[in-house]
Amino acid sequence: MPTHLLTPTRSVGITGYGAYVPRYRLPAAEVARMWTGGRGGLPVREKAVPGLDEDTATIAIEAARNALARAGIDPQALRAIWVGSESHPYAVKPTSTIVAEALGAVPYVQAGDWEFACKAGTEAMQAAIGFVGSSMADYAMCIGADTAQGRPGDALEYTAAAGGAAFIIGPAEGALAVIQGSLSYVTDTPDFWRRAGAEYPSHGQRFTGEPAYFHHITSAAKALMAEMGTKPEDYRYAVFHQPNLKFPQRVAKMLGFTPEQYQTGLLVGEIGNTYSGSAMVGLTAILDEAQPGDRILMVSFGSGAGSDAFDIRVTDAILSRRDNAPRTRDYIARRVEVDYGMYARLRGKLKNA
Amino acid sequence: MRVAGHWRLKRQRLTLEGEVCPSCRAPLFPPRDVCPECGKPAATPYTFSGRGTVYAFTTVYEPPAHFEQYRPYLLALVKLEEGPILTAQLTDVDPEEVSIGMPVEMVTRRLTEEGEEGLILYGYKFRPLVRQQVA
């Protein structure tokens, strides 16, 4: 049986990481007040909303600066900057060149924008593993960032949030965490999409669950653990794509993970679904707390559909470098609540404004 | 549209790149050809740290064209730790939280956009230090 593991020829790891979450929060109760008379269950407590001057590029830039601060490398050493998002500010013109210029990483750098619904960032991470793992480059940056939009009144309006995370992939030597293995599990499953030019996405309602989210995440996680010869109890932490509070907790239970393993990276209740940032921002919160030797399982999910699974082991280097940038919890803590009216303004939903 | 003009300013706006005078070592922002301190030519690029303090500030309620969508917003003179004072918006902060001397850090944000089909302009703004805000 051939292996499905994506194995680079040289060992690679995470040299630096950084997150960013905007400060505004829309409580889910506000969305319910507007559309259901306040009745019905809420999928999260609240979600992060970008300020008027924020978008995927500005979120990516701040997360990337934090990653550089922790990596302690010259931005000129980066050979790739890849931004995964489904809310790139331009339809045509790369977000990644704006980020590269802002970091001082131009001009000898590969730049590109990635799109695969909510797993564009982890897709870029696997590509970065290949870029560094083949020795084409010593450092490559992958970013997952979004300012996701939900149609007013739609179920996604409760959760579609803003935030992002950046990772610098480099040689395992000197890394804060070593990436021990990863694989991708992809099928053509139309659970969620947005046509070109459409402002809001469409989705297959309950179809987004079993055949999409649960099938792809459990398949990728089980395949990776089989390849690595690991069991759930071998991991100190697990983090999954988190579109709401229910799905990641249920998928964790299906796979045999306990709340002690997944609660550190489970941020969706406080910041909502940051789409391309979702699992990656969760990973940054874990790295903020993890100890050397801890093993982490990360599994993303992108509609359309697919999952990327990663087996990561934290090294001693984390202790001296993680305080070189604000922690993910610092961003979550600077919370400013907004009502639906201010939310409508911040998200450009007011006509003739 | 002033594509070329915006393009020339990208380093200033995105990385706070100014100059340092090769003669008297004065750090300069914005960059200029002649050092205002010693009058000698200055053209050596110098990237500022982005840390500074609020020197003065005001709230803009009647903004100029292309900034109406942000009103009201805070405009400040920020004294960079290297010395120069520049004009920039403050962001992620409410007027009652701002005080003269408050430490701030540079962030890159949207400055404005040239209509729905035009360029989006990014550049520096300043905000209270994240860690201080949550402490």
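All values derive from a computational prediction rather than experimental measurement.

Reading guide: rules and limits
Residues numbered from 1 in each chain as written. Chains lettered and ligands numbered in written order. Predicted model: local features only at pLDDT ≥ 70, side-chain atom pairs only at ≥ 80, totals over all residues. Heavy atoms only, no water. 1 Å grid on protein atoms, 1.4 Å probe; cavity = no way out; pocket = protein on both sides within 12 Å on 5 of 7 lines; lining within 4 Å. Points joined across faces, edges and corners; volume = space filled by probe spheres on them. Helix = DSSP H or I, 4+ residues; strand = E, 2+ residues; numbered from the N terminus. Nonpolar A, V, L, I, M, F, W, Y, C, P; charged D, E, K, R; others polar. Phe/Tyr/Trp six-rings, centres within 6.5 Å; stacked < 30°, edge-to-face > 60°. Lys NZ or Arg CZ within 6 Å of the ring centre and 35° of its normal. Domains from an automatic or database assignment. Contact = heavy atoms within 4.5 Å. Buried area = accessible area lost by both parts, 1.4 Å probe. Salt bridge = Lys/Arg side-chain N within 4 Å of Asp/Glu carboxyl O. Polar contact = N/O pair within 3.5 Å; in protein donor to acceptor, adjacent residues only side chain to side chain.

Student: Which parts of the structure should I look at to understand empty space enclosed by the protein?
Tutor: Unoccupied space between atoms shows up once a probe the size of one water molecule is rolled over them. Residues and elements named next belong to chain A. Following the criterion strictly, the structure yields 2 cavities of 30 Å³ or more and no others. In this structure, the largest cavity encloses a volume near 40 Å³. Lining the largest cavity, in full, are Ala-238, Val-239, Phe-240, Gln-242, Pro-248, Gln-249, Tyr-262, Gly-265 and Leu-266. Among the elements that line the lining of the largest cavity, the one with the most residues is strand S11 (residues 237-240), at 3 residues. When its residues are assigned to classes, the lining of the largest cavity shows 6 nonpolar, 3 polar and no charged. Its boundaries defined by the atoms lining it, the second largest cavity holds a volume of some 30 Å³. Every residue lining the second largest cavity is listed: Gln-242, Leu-267, Val-268, Ile-271, Gly-272, Thr-274, Ser-278, Val-281 and Gly-282.

Student: Is there a simple way to explain the packing of aromatic side chains in this structure?
Tutor: Aromatic rings in a pair are described by how distant their centres are and how their planes are angled relative to each other. On inspection of all chains with the given rule, the structure shows 17 aromatic pairs over all chains. The rings of B:Phe29, B:Tyr46, B:Phe48, B:Tyr124 and B:Phe126 are connected pair by pair, giving a single aromatic cluster. Across from the ring centre of A:Phe214, 4.3 Å away, lies the NZ or CZ of A:Arg250, which sits over that ring.

Student: Looking at this structure, I do not really get the layout of surface pockets. What am I missing?
Tutor: When its volume is computed, the second largest pocket comes out at roughly 1,000 Å³. For the second largest pocket, the lining is made up of 36 residues, of which A:Arg65, B:Ser49, B:Gly50, B:Arg51 and B:Met106 are closest to its centre. Of all the secondary structure elements, the ones that give two or more residues to the lining of the second largest pocket are helix H2 (56-71) and helix H3 (95-103) of chain A together with helix H2 (10-15), strand S7 (103-113) and helix H3 (130-134) of chain B. The greatest single-element share of the lining of the second largest pocket, amounting to 7 residues, is contributed by H2(A). Classifying every residue of the lining of the second largest pocket gives 15 nonpolar, 10 polar and 11 charged.

Student: Explanation requested: the domain arrangement of chain A in the structure shown.
Tutor: Residue and element names in this part refer to chain A. Along its sequence, chain A is carved into domain 1 (12-176 + 333-343) and domain 2 (179-319). Placing the centre of domain 1 and that of domain 2 at their C-alpha centroids yields a distance of 16 Å. With 52 residues of domain 1 at the interface, the matching set in domain 2 holds 47 residues. Together domain 1 and domain 2 conceal approximately 3,700 Å² of surface at their shared face, both sides included; 62% is due to carbon and sulfur atoms. When the buried area of domain 1 at its contact with domain 2 is split by residue, Tyr-17, Cys-118 and Leu-176 rank highest and sum to 17% of it. Linking domain 1 to domain 2 there are 2 salt bridges. A salt bridge links Arg-70 to Asp-288; the nearest nitrogen and oxygen atoms lie 3.6 Å apart. Where domain 1 meets domain 2, there are 23 residue pairs in polar contact (both at pLDDT 80 or more). Elements supplying a minimum of two residues to the side of domain 1 that touches domain 2: strand S1 (12-20), strand S3 (46-49), helix H4 (120-133), strand S6 (139-147) and strand S7 (162-171). Per-element accounting of the side of domain 1 that touches domain 2 gives the leading share, 7 residues, to H4.

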